[in-house]
Amino acid sequence: MLGWLAAAAAPLVIHLLSKRKYRQVQWAAMQYLLAALRKNSRRIQIEQWLLLAMRTLLIALLVMAMAEPVVEHAGLQLGSTQRTHKVLVIDGSYSMAYKPSDKSRFDRAKELADHIVDESSQGDGFTLVLMSAPPRVVVGTPAFEPREFRQEIDNLRLPHGGGDLAATLVKVEELLTAAAREYPRLVREEVYFLSDMGRTTWAPELRGPTAAKEFLARSQRLSKRAKLYPIDLGQAASDNQALTALATAEPFATVSRQVTLEGEVHNFGRQPRPHQLVELFVDGRRAGEEHVDLTPGGSAAVAFSYRFENAGNHAVELRLAGDLLDIDNHRWLALPVKERLRVLCVNGKPGGGSYRGATDYLTVALAPASAGREQNLVQPDVVAESGLLEADLGAYDCVFLANVGQFTASEVGVLAAYLRRGGGLVFFLGDQVQADNYNRRLSGQSTDGLRVLPATLAGVAPRGQYRFNPLGYQHPLLAPFREQEQGGLLTTPIFDYVKLLVPGNSTAKVALGFDTGDPAIVEDTIGRGRSIVVATSADTSWNTMPMWPSYLPVVQELLNLAVRGQQAEHNVLIGQSFGDATRSVARLASVQVRNPAGEASSVRPVLDGDYSTWSYHDTSTSGTYAATLPAPAAAHELFAVNVDTAESDLAKIDNAELRDRVWSGVDYRLLDDFQDFNREPSDAIVRRNSVHQFLLVAALVLLLLESLTACYFGRRAA
């Protein structure tokens, strides 16, 4: 279009050509007229030059308007008929909920995104990405209707997770590549990052040098093909406090017993925060309060004691007195409270008299007779080895298998399914155990690949006098014995045990060892449950443990370790899925899950043997989720989803670190004048539609002015 500026010379050329058409002829009568005209020649010449200039400028304005020049800050850029693909990336990490004024950073980001769209040229295309973990492409195909695109921006909701910059850049590059292929007229590309520039998101800890190289290479590629505009919405020295933990001190909760609820508060700011109020709520009712003093960068523990009077699922919440970031001022715990813990004991060696069976001492240690039936927290049931398949394992919190000789494929399938559903298994070995069968069936070496044991069996050690090695009391299982060397654990006589082998690439942990260096107790998380194997027997056939004072606490701690993970299955972090299994849900029935906002959705269970399992994945909001199972189960479950408080640290990355450490060699322009939320969006964001409109208006005004001027000059000449 700019080539048509040459047309502005048309009035002058017409004037010159017109002069050449006339031949001067002397005419006596005209001499008197020319003499009169010379008096006004200077005025007429000025008028003609003015009309010529107006007509020339009119053509230039029309050409410039059609060329649609744009203003970028203080400069004029021509040739904007090249349409632009603008990718708007809005930070979806929950630190964007920080509210320094009447609107949050996230609200400000959406406001500026609307402004970018409003100030863009007609014909520009827009895509929208939410920089969360994982990132979410909201509008993937370039949108050319600003009103509908702004509606997508307004509908955005902030998730309660972090942001993944590396994965977001992958999505951005994919969007640009797809748009360039499908919409070739979008020849310009711009990417806007509307973020608080938090270090947690913008200084990512990439796993390994390969990932770091890929991240930098992708960033450099993007900067070569598109203009990158990070827009800084963060405020320096933003203080924040957060609840970072909530759990029970006990591995399980039962009715009519005091349960200790422990929490932690952390100060992520640089200022001391004395006398901070922390409140406890149980099932929505206020149940207690404490005040803590927080030092800069320090933490403080809180503890509440509460007695649950009813069995079932209970929602526990800690609330911290409000600050400018409310999301991390809450911590939830979904706590299943039971009448008693039910434990199934599988007896692999029934005895002919009192305390001659493999599980006789075990059941006493689980439910001591001296405590009284009403005070026992555990209800043990005993079945023979052959009764394993007939028992409903779903009704039990833990299964102890004592000196079971061998397992069939069906029995292994039942145990593996029990682990997948979050159950706890404890194996005591003994003289009936067939090591080959255990290794073939339980160690993942069979064709079905089912793994139930955390270690393999390498045969029985020679009979002798062995002692336990606590391995520095590092494992939580041995917590009751720390600084209690006289408790009998180290002096317990062991005559026989099975050598356990832990694979080198295994996640299994050795909780207790022998003085020979062999493992005595090995545990591992398998599926959603926990499996534990004890290398010796639960009765007196291989040791005198049941006669020693250390036996009862060891058995109790084995139970606690086996069931502790079941509470964790009801409490997950943002982005993690939760679910359950039941034996009574029909094949086509659905589970109704209601999120913290009260919105309900359906989940279809999947058959897994005799059980149906279901899993819910949309955990982008922190709070409690309620699941309702259909009849005949008609059960109600509670689950808690909490934030990962790494995002609670509001420290920002500065431009120097961004340039030198994160985006080294990347061409970008940081716009950092948007921290003041009370100001209107400025022209620092590129405007693209005001100049050509102004030129069109000016051309119309000039056209009218030229007509009026020519008419006026003509009348004067007459």
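Structure's up top.
Cut-offs used in this document
- Residues numbered from 1 in each chain as written.
- Predicted model: local features only at pLDDT ≥ 70, side-chain atom pairs only at ≥ 80, totals over all residues.
- Heavy atoms only, no water.
- Axes fitted to C-alpha atoms, helices over the stretch in contact; angles between N-to-C directions.
- Helix = DSSP H or I, 4+ residues; strand = E, 2+ residues; numbered from the N terminus.
- Parallel < 35°, antiparallel > 145°, perpendicular 65-115°, else oblique.
- Contact = heavy atoms within 4.5 Å.
- Nonpolar A, V, L, I, M, F, W, Y, C, P; charged D, E, K, R; others polar.
- Pairing = 2+ DSSP bridges.
- Buried < 20%, exposed > 50% of the residue type's maximum accessible area, 1.4 Å probe, protein only.
- Arc of directions from axis to C-beta.
- Core = buried A, V, L, I, M, F, W, Y, C linked by side-chain atoms within 4.5 Å.

Caption draft 1: Inspection of the packing of helix H4 (residues 105-118) against helix H5 (residues 146-154) at higher detail. Two elements in contact, H4 and H5, have axes separated by 10 Å at closest approach and are oriented at 170°. On the basis of their axis angle, the class for H4 and H5 is roughly antiparallel. Touching Lys110, Ala113, Asp114, Val117 and Asp118 of H4 are Pro146, Phe149, Arg150, Ile153 and Asp154, all from H5. In the contact of H4 with H5, the residues fall into five nonpolar, no polar and five charged.

Caption draft 2: Broad picture of the sheet that holds strand E18 (residues 398-402). Strand order in the open sheet made by the eight strands is E17-E16-E18-E19-E25-E24-E23-E21, with mixed pairing throughout. One side of each edge strand has no neighbouring strand; the edge strands of this open sheet are strand E17 (378-384) and strand E21 (468-469). The strands touched by helix H10 (residues 409-420) are E18, strand E19 (424-428), strand E24 (519-526) and strand E25 (529-534); relative to E19, the strand with the most contacts, the crossing angle is about 130°. Running over the sheet, helix H12 (residues 551-568) touches strand E16 (341-347), E17, E18, E19, E24 and E25 and is turned about 160° from E25.

Caption draft 3: Structural detail: unusual backbone geometry. Geometrically, the link from Ala133 to Pro134 is a cis peptide bond, its omega value of 0° lying close to zero. Summarising the element assignment, Pro134 is placed in the loop between strand E4 (125-131) and strand E5 (136-143). Of note in the backbone geometry, Asn403 takes a positive phi value of approximately 55° without being a glycine. Mapped onto the elements of the fold, Asn403 is located in the loop between E18 and H10. Here the phi dihedral of Tyr473 falls at roughly 55°; this positive angle occurs in a residue that is not glycine. Along the chain, Tyr473 turns up in the loop between E21 and strand E22 (498-501).

Caption draft 4: Up close: the sheet that holds strand E3 (residues 83-91). Pairing in this open sheet of five strands is mixed, and the strands run E5-E4-E3-E6-E7 from one edge to the other. The open sheet has two free edges, formed respectively by E5 and strand E7 (227-232), since each of these has just one partner strand. Each strand of the sheet is rotated relative to its neighbour by a mean of 15°, with strand direction disregarded. Examined bridge by bridge, E3 and E4 share seven bridges and lie parallel to one another. By the bridge assignment for E4, Val89 is matched with Val129. The strands touched by H4 are E3, E4, strand E6 (186-195) and E7; relative to E3, the strand with the most contacts, the crossing angle is about 175°. Sheet strands touched by H5: E3, E4 and E5. Its angle to E4, the strand with the most contacts, is close to 5°.

Caption draft 5: Representation of the side chain of Ser443. Tracing the chain through its elements places Ser443 in the loop between helix H11 (435-442) and strand E20 (456-460). Classification of Ser443 as buried rests on a relative accessible area of 14%. Not counting chain neighbours up to four residues away, the residues in contact with Ser443 comprise Tyr438, Leu450, Arg451, Leu453, Ala455 and Thr456.

Caption draft 6: View of helix H13 (residues 655-662). The set of residues buried in H13 consists of Glu657, Leu658 and Val662. All buried residues of H13 project into a common sector of 100° when viewed along the axis, lining one side. Elements in contact with the buried residues of H13: helix H7 (199-202) and helix H8 (208-225).

Caption draft 7: Summary view of the nonpolar core. Counting 75 residues, the largest nonpolar core has Phe400, Leu401, Phe407, Phe427 and Tyr438 as the members making the most contacts within it. Examining the composition of this core, we find that eight residues originate from one element, H12, more than from any other. Apart from the residues within four sequence positions on either side, Phe427 is in contact with Leu401, Phe407, Leu415, Tyr438, Leu442, Val452, Leu453, Ser531, Ile532, Val533 and Val534. With 44 residues, the next largest nonpolar core counts Ala143, Tyr625, Ala627 and Val641 among its residues.

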